[in-house]
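Structural description and commentary
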Amino acid sequence: MEATTPTTVSKLNIEQIRRDFPLLSRDMNGKPIVFLDSAASSQKPNSVIEAISHYYRFQHANVHRGVYQLSQEATTAFEVARDKVRDFIHAPSSPEIIFVRGVTEGINLVASCFGRKFLKEGDEVLITAMEHHSNIVPWQLICEEKGAHLRVAPINEAGELILEEFEKMLSDKVRIVATTHVSNTLGTINPIREMVAMAHAKGIPVLVDGAQATPHMAIDVQALDVDFYTFSGHKVFGPTGIGVLFGKEKWLNAMPPYHGGGEMIKTVTFEKTTYAELPHKFEAGTPDIAGVIGLGAALDYIQEIGLDAITQYENTLLAYAIKRLKEVPGIRFIGAAKNKASVVSFLVDNIHPYDLGTILDKLGIAVRTGHHCTQPLMDHFCIPGTVRASFAFYNTVEDIDRLVDGVKKAVAMLG
Amino acid sequence: MSINEIQDEIIEEFALFGDWMERYEYIIDLGKSLPLIGEQYKDEEHLIKGCQSQVWLHAEKDNGRVKFTADSDAIITKGIIALLIRVLSNQSPDDVAKAELYFIDRIGLKEHLSPTRSNGLVSMVKQMKLYGLALQAN
């Protein structure tokens, strides 16, 4: 093994970390699984699984309602998790942390509530060309309803946002900017701080889709000065069905509620209802209590390893993957941004991603194939889709070696 | 040969293969070798869109039998299409409509016909049977 391979430079104890994730020791198609699809959903450590199990065994009661001790305990556990989220993204206060089902719901909430209040005919919403469908369609829905227009800031051939074009598009008609932090297909890390400064110079708020950023790097919503930041629990090693929307208090207070129901009200009469304070105004109904507690455990787990150590390890893993994949004749990387998270999208000659993915599956290697819910981005590059390998801190050099061997074998069969 | 006789024949052929690699090499060869559809039919009208791969399907009636031609942009999908056409083409519309396809499962390729796979094949089989029904009448 070469001196520069990630295991030798890493401060992380990968063997110990892998033991924390029970799924990683299973087989797929008769071979030890190589899981390279964490960008779609990451695996869960024992501490998350145990936190959920413990909650259902010993702590469960509805939150924010009961006077009895058990309900108080559940409420405390729930609100402690909210504080953990606040710390994780360095938000100013816990009431600015809204629990949602995931990024998709986070964006839909803002599109719907911000849009209802602030969008009118002829206004514009500005997104980028690398957005996931979940940061396109909610805006299309509200734009259609309000007679507003969706504008798309272009990217270059490397898959990076063209910042000058973006700045030019910040006209006085733009009411909000919605952008991804990290592209799920290309791995491109967007210059959020610069984008926010440009938008704020025109008085335009910015929503950031943090689904692909939060598993890989430390997030500070105050340093970034974003108005909204949303991420999904299941991509940060937590449970599915839970996510977070951070919003600056002034915006959350100015927006109407999303769903109506219990918990989100102050007083209800048949004539007029007044709404609860933040965050409850946006959390109608019984929340996903177990999900929130599981998410809290996941954030504890990540913090314990340390996001800076994670970023460093994954960067070496990414560099090693690109170096080794270059051995494959005819390989073409889609997305070559200078600033990139641990995602590698590629094609080999004219081989269809579905064919390559099918053979890799048979070899025990889980990758994502297809358009990754970014059809407009695929159209931009004139390709039907890509093969995407995405890494988390539990992946190893050996995983990448098996991927490269697998791709070579698949190419030999298909080429 | 009837639909089931052809299915049994394919199952026997596949029994000769040692492992998944041999099966897939055969499917890939099928996918590479066959021009399965006329270029004029590779249009929107004949397209069955999957998330992963796309399929084009055309059917016509010839001497009381349904003739299918089809294609895909992915080779493995195309190889499976070749098998489906071998089973269902040149059969009576009634037989096509009533066909029970068990061979895919028996030759170890059932995951390709899983609805979650989204490669266009499930919709294609459905469409082939609908053609069978539609062509019974005329």
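Keep in mind the model is a prediction, meaning the values are calculated, not measured.

The rules behind these values
- Residues numbered from 1 in each chain as written.
- Chains lettered and ligands numbered in written order.
- Predicted model: local features only at pLDDT ≥ 70, side-chain atom pairs only at ≥ 80, totals over all residues.
- Heavy atoms only, no water.
- Helix = DSSP H or I, 4+ residues; strand = E, 2+ residues; numbered from the N terminus.
- Rg over C-alpha atoms; globule rule 2.2 N^0.38 Å.
- Buried < 20%, exposed > 50% of the residue type's maximum accessible area, 1.4 Å probe, protein only.
- Contact = heavy atoms within 4.5 Å.
- Areas by Shrake-Rupley, 256 points an atom, 1.4 Å probe, with all protein chains shown as cover.
- Lys, Arg positive; Asp, Glu negative; His and termini not counted.
- Charge placed at Lys NZ, Arg CZ, Asp CG, Glu CD.
- Axes fitted to C-alpha atoms, helices over the stretch in contact; angles between N-to-C directions.
- Parallel < 35°, antiparallel > 145°, perpendicular 65-115°, else oblique.
- Nonpolar A, V, L, I, M, F, W, Y, C, P; charged D, E, K, R; others polar.
- Expected span 1.5 Å × (residues − 1).
- Core = buried A, V, L, I, M, F, W, Y, C linked by side-chain atoms within 4.5 Å.
- Domains from an automatic or database assignment.
- Buried area = accessible area lost by both parts, 1.4 Å probe.
- Pairing = 2+ DSSP bridges.
- Phe/Tyr/Trp six-rings, centres within 6.5 Å; stacked < 30°, edge-to-face > 60°.
- Patch = residues over 30% accessible without salt bridge, like charges linked within 9 Å, V, L, I, M, F, W, Y side chains within 5 Å.
- Salt bridge = Lys/Arg side-chain N within 4 Å of Asp/Glu carboxyl O.
- Polar contact = N/O pair within 3.5 Å; in protein donor to acceptor, adjacent residues only side chain to side chain.

1. Observations concerning the overall build of chain B
Regarding its fold elements, chain B presents six helices and three strands. When the elements of chain B are put in sequence order from the N terminus, they spell out α-α-β-β-β-α-α-α-α. For a compact globule of 138 residues, the expected C-alpha radius of gyration is about 14 Å, and chain B comes in at 14 Å, within 12% of that figure. Along the three orthogonal principal directions, the C-alpha set of chain B runs to about 45 × 30 × 25 Å. Looking at chain B residue by residue over its 138 residues, the buried ones come to 48%. A sequence separation of at least 24 residues applies to 63% of the contacts in chain B between residues at least 6 apart. Only carbon and sulfur atoms are counted for the fraction: they give 49% of the accessible area of chain B, which is about 6,800 Å². Of the charged side chains in chain B, 15 are positive and 22 negative, and the gap between their average positions amounts to 3 Å.

2. Details of the packing of helix α15 (residues 397–414) of chain A against helix α2 (residues 20–33) of chain B
Where α15(A) meets α2(B), the closest approach of the two axes is 9 Å, and the angle between their N-to-C directions is 45°. Of the possible angle classes, the one that applies to α15(A) and α2(B) is oblique. The segment α15(A) lies against α2(B), with A:Lys409, A:Met413 and A:Leu414 engaging B:Trp20, B:Met21, B:Tyr24, B:Glu25, B:Ile28 and B:Lys32. Residue composition of the contact of α15(A) with α2(B), by class: six nonpolar, no polar and three charged.

3. Let's talk about helix α3 (residues 75–88) of chain B
Residues that lie three or four places apart on an α-helix share one face, since the helix turns once every 3.6 residues. Residues and elements named next belong to chain B. With 14 residues, α3 extends 20 Å from end C-alpha to end C-alpha; this agrees with the ideal 20 Å at 1.5 Å per step. The buried count for α3 comes to twelve of 14 residues, which makes it a mostly enclosed element. For α3, every residue scored as buried is listed here: Ile-76, Thr-77, Lys-78, Gly-79, Ile-80, Ile-81, Ala-82, Leu-83, Leu-84, Ile-85, Val-87 and Leu-88. The first or second residue beyond α3 is Asn-90, which carries a positive phi of 65°.

4. A few points about the nonpolar core
Residues A:Phe166, A:Tyr229, A:Ile359, A:Phe393 and B:Met124 are the most contacted members of the largest nonpolar core, which totals 152 residues. Top contributing element to this core by residue count: helix α11 (residues 289–305) of chain A, with eleven residues. Lining this core are residues from two domains, each supplying at least three of them: domain 1 (6–44 + 306–414) and domain 2 (49–304) of chain A. With near-sequence residues (within four places) excluded, A:Tyr229 lies in contact with A:His181, A:Val208, A:Gly210, A:Ala213, A:Thr214, A:Ile219, A:Val221, A:Leu224, A:Val244, A:Leu245 and A:Phe246.

5. Details of the domain arrangement of chain A
Residue and element names in this part refer to chain A. Under the domain assignment, chain A is made up of domain 1 (6–44 + 306–414) and domain 2 (49–304). The C-alpha-based centres of domain 1 and domain 2 are spaced at 28 Å. The junction of domain 1 with domain 2 conceals about 3,100 Å² of combined surface from both sides, 57% of it contributed by carbon and sulfur atoms. Summed over the three residues of domain 1 that lose the most area to domain 2, namely Lys-44, Leu-307 and Leu-377, the buried surface amounts to 19% of that side.

6. Comments concerning the packing of α11(A) against helix α12 (residues 307–325) of chain A
Residue and element names in this part refer to chain A. Close contact between α11 and α12 brings their axes to 6 Å; oriented N to C, the two are set at 70°. With respect to their mutual orientation, α11 and α12 come out roughly perpendicular. Contacts between α11 and α12 involve Ile-302, Gln-303 and Ile-305 on the former and, on the latter, Leu-307, Ala-309 and Ile-310. Looking at the contact of α11 with α12 residue by residue, the classes come out as five nonpolar, one polar and no charged.

7. Describing the sheet that holds strand β2 (residues 54–62) of chain B
Paired through their backbone hydrogen bonds, the strands of a sheet run either parallel or antiparallel. All names here are of chain B. Strand order in the open sheet formed by three strands is β1-β2-β3, with antiparallel pairing between adjacent strands. The open sheet terminates on both sides in strands that have one partner only, identified here as β1 (47–49) and β3 (65–72). Between one strand axis and the next, the sheet turns through 25° on average, direction left out of account. Strands in contact with α3 are β2 and β3; relative to β3, the strand with the most contacts, it is inclined by about 175°. Strand contacts of helix α6 (residues 121–137): β1, β2 and β3, with the helix running at about 20° to β2, the strand carrying the most contacts.

8. Examining the packing of aromatic side chains
Residues and elements named next belong to chain A. Across all of its chains, the model carries 20 aromatic pairs over all chains by this definition. Measuring from centroid to centroid gives 5.6 Å for Phe-21 and Tyr-301, while their planes differ by 85°, and the two rings are edge-to-face. With Phe-21 in the loop between α2 (14–20) and β1 (27–28) and Tyr-301 in helix α11, this residue pair connects regions lying 280 residues apart in the sequence. When sorted by exposure, Phe-21 lands in the same class as Tyr-301, which is buried.

9. Thoughts on the pairing of strand β4 (residues 97–100) of chain A
Residues and elements named next belong to chain A. Residues Ile-97 and Phe-99 of β4 are buried on one face, and the alternating residues Ile-98 and Val-100, pointing to the opposite face, are buried as well. Bridge analysis of β4 against strand β10 (residues 243–247) gives four bridges, and the strand direction is antiparallel. Paired with Phe-99 across the bridge in β10 is Val-244.

10. So, a nonpolar patch on the surface
A surface patch of nonpolar side chains, about 320 Å² in accessible area, is lined by A:Val67, A:Tyr68 and A:Leu70. With respect to the helices, strands and loops of the structure, A:Tyr68 is situated in the loop between α3 (46–59) and α4 (69–89).

11. With respect to the pairing of strand β14 (residues 343–348) of chain A
All names here are of chain A. In terms of residue burial, β14 counts as a mostly covered element, since six of its six residues are buried. Both faces of β14 are covered, namely the face carrying Val-343, Ser-345 and Leu-347 and the face carrying Val-344, Phe-346 and Val-348. Relative to strand β17 (residues 386–390), β14 runs antiparallel, the two being bridged by four bridges. Each residue of the ladder has a partner; that of Val-344, found in β17, is Ala-389.

12. Concerning the interface of chain A and chain B
Often, the extent of an interface is quoted as the loss of accessible area upon association of its parts. On the chain B side, the residues contacting the 16 residues of chain A number 18 residues. Carbon and sulfur atoms supply 59% of the area buried between chain A and chain B, which totals about 1,600 Å² over both sides. When the buried surface of chain A facing chain B is broken down by residue, A:Tyr354, A:Lys362 and A:Met413 rank first, second and third, together holding 43% of it. The interface formed by chain A and chain B contains one salt bridge. One salt bridge in this structure joins B:Glu111 and A:Lys362, with 3.1 Å as the shortest N-O distance. One can count six residue pairs in polar contact (both at pLDDT 80 or more) joining chain A with chain B. Listed by contribution, the elements that provide at least two residues to the side of chain A that touches chain B are α13 (353–362), β16 (368–370) and α15 of chain A. For the side of chain A that touches chain B, a count of residues per class yields five nonpolar, six polar and five charged.

13. Topic: unusual backbone geometry
Residues and elements named next belong to chain A. The omega torsion across Leu-278 and Pro-279 is 0°, close enough to zero to call that bond cis. Locating Pro-279 in the fold gives a position in the loop between β12 (273–275) and α11. Located in the positive-phi region is His-64, a residue other than glycine, with phi close to 60°. With respect to the element layout, His-64 can be found in the loop between α3 and α4. Unlike most non-glycine residues, Asp-349 shows phi in positive territory, near 45°.

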